[in-house]
Amino acid sequence: KPSPVSWDMSADGQPSSEAALLITVSDPEKHGTSITAAFVDYKLSTVTQLSRYAAKEFFVRRRYRDFVWLRDRLCHAFPGCVVPPLPTVDSPLKDDRFSPNFIERRQAGLQLFLRRVAGHERLRESSDLQTFLEAKVWELQTVKNATGSS
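The paragraphs below set out a description of the structure included in this document. (Residues numbered from 1 in each chain as written. Predicted model: local features only at pLDDT ≥ 70, side-chain atom pairs only at ≥ 80, totals over all residues. Heavy atoms only, no water.)

**What about the pattern of salt bridges?**
Link 1 in the chain: This structure, assessed with the given rule, holds five salt bridges.
Link 2 in the chain: One salt bridge in this structure joins Asp128 and Arg73, with 3.4 Å as the shortest N-O distance. One end of the pair, Asp128, is in helix 3 (residues 127-134); the other, Arg73, is in helix 1 (residues 64-77), with 55 residues separating them in the sequence.
Link 3 in the chain: By relative accessible area, Asp128 is classed as buried at 11%.
Link 4 in the chain: Ionic contacts of the salt-bridge type, sharing partners, join the residues Glu29, Asp41 and Arg61 into one network. (Salt bridge = Lys/Arg side-chain N within 4 Å of Asp/Glu carboxyl O. Helix = DSSP H or I, 4+ residues; strand = E, 2+ residues; numbered from the N terminus. Buried < 20%, exposed > 50% of the residue type's maximum accessible area, 1.4 Å probe, protein only.)

**Some remarks on helix 3**
Link 1 in the chain: All of the buried residues along helix 3 are Asp128, Leu129, Gln130, Phe132 and Leu133.
Link 2 in the chain: Capping the start of helix 3, Ser126 holds a side-chain oxygen 3.0 Å from the backbone nitrogen of Asp128, two or three residues further along. (Polar contact = N/O pair within 3.5 Å; in protein donor to acceptor, adjacent residues only side chain to side chain.)

**Remarks on the sheet that holds strand 2 (residues 39-48)**
Link 1 in the chain: Read from one edge to the other, the open sheet built from three strands follows the order 1-2-3, with strand pairing classed as antiparallel. Every interior strand has two partners, whereas the edge strands, strand 1 (21-31) and strand 3 (57-63), have only one. When strand polarity is set aside, the average angle formed by the axes of neighbouring strands in this sheet is 20°.
Link 2 in the chain: Alignment of strand 2 against strand 3, held across seven bridges, turns out to be antiparallel. Bridged to Thr46 within strand 3 is Phe58.
Link 3 in the chain: Across the face of the sheet, helix 3 comes into contact with strand 1, strand 2 and strand 3 while running at roughly 90° to strand 3. (Pairing = 2+ DSSP bridges. Axes fitted to C-alpha atoms, helices over the stretch in contact; angles between N-to-C directions. Contact = heavy atoms within 4.5 Å.)

**Structural notes on the packing of helix 1 against helix 2 (residues 100-119)**
Link 1 in the chain: Closest axis-to-axis distance for the helix 1/helix 2 pair is 12 Å, and the angle between their directions is 30°. In terms of orientation, helix 1 lies roughly parallel with respect to helix 2. Viewed along their axes, helix 1 and helix 2 form a crossing whose handedness is left-handed. Note on element contacts: helix 2 touches helix 1 through Arg106, Leu110, Phe113, Leu114 and Val117, opposite Tyr64, Phe67, Leu70, Arg71 and Leu74. (Parallel < 35°, antiparallel > 145°, perpendicular 65-115°, else oblique. Left-handed = near helix turned anticlockwise from the far one by under 90°.)

**As for the nonpolar core**
Link 1 in the chain: Counting residues in hydrophobic clusters, the biggest one holds 34 residues, and the most contacted among them are Leu44, Phe113, Leu114, Phe132 and Leu133.
Link 2 in the chain: For this core, the secondary-structure elements that each account for two or more residues are strand 1, strand 2, strand 3, helix 1, helix 2 and helix 3.
Link 3 in the chain: In terms of residues, this core owes the most to one element, helix 2, which gives six residues.
Link 4 in the chain: Apart from the residues lying within four places of it in its own chain, the contact partners of Leu133 are Leu21, Ile23, Leu44, Thr46, Tyr53, Phe58 and Val60. (Core = buried A, V, L, I, M, F, W, Y, C linked by side-chain atoms within 4.5 Å.)

**Comments concerning the environment of Val89**
Link 1 in the chain: Residue position: Val89 is located in the loop between helix 1 and helix 2.
Link 2 in the chain: By relative accessible area, Val89 is classed as exposed at 54%.
Link 3 in the chain: It is 9.9 Å that separates the C-alpha atoms of Val89 and Arg105, two residues lying 16 residues apart in sequence.
Link 4 in the chain: Contact partners of Val89, with chain neighbours within four places excluded, come to Phe102 and Arg106.

The structure is reproduced here in structure tokens:
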């Protein structure tokens, strides 16, 4: 469960736009044992005051390729916006992606990406972002298949 949040309030007593959608990336988990098929996913905990979301607090698990899909969709849907970058793979060694240091750096980069998206007045309104944050794994895969991504 996400930690308690104090909302930043604007002059009219409503949550500020940046505080209306708070997303935390945590709890990385490695799945699989082979180098080629193994992956790490992360828990995304969301706390929101935005009424279009089904709940005020919820979480999902997402892997890096899901973030790539989200960024691609945001770039496509908002061609005039600067979509924040994702953390890069900074090591040529395949197995390095499972080292604690790499996972920690990637988690921090994914957190920064989502914080920037959630803080952007147009990007945070994206239906793709909402799907990314709310959908169960199989629901997200169905959407990704329909949009031509894996």
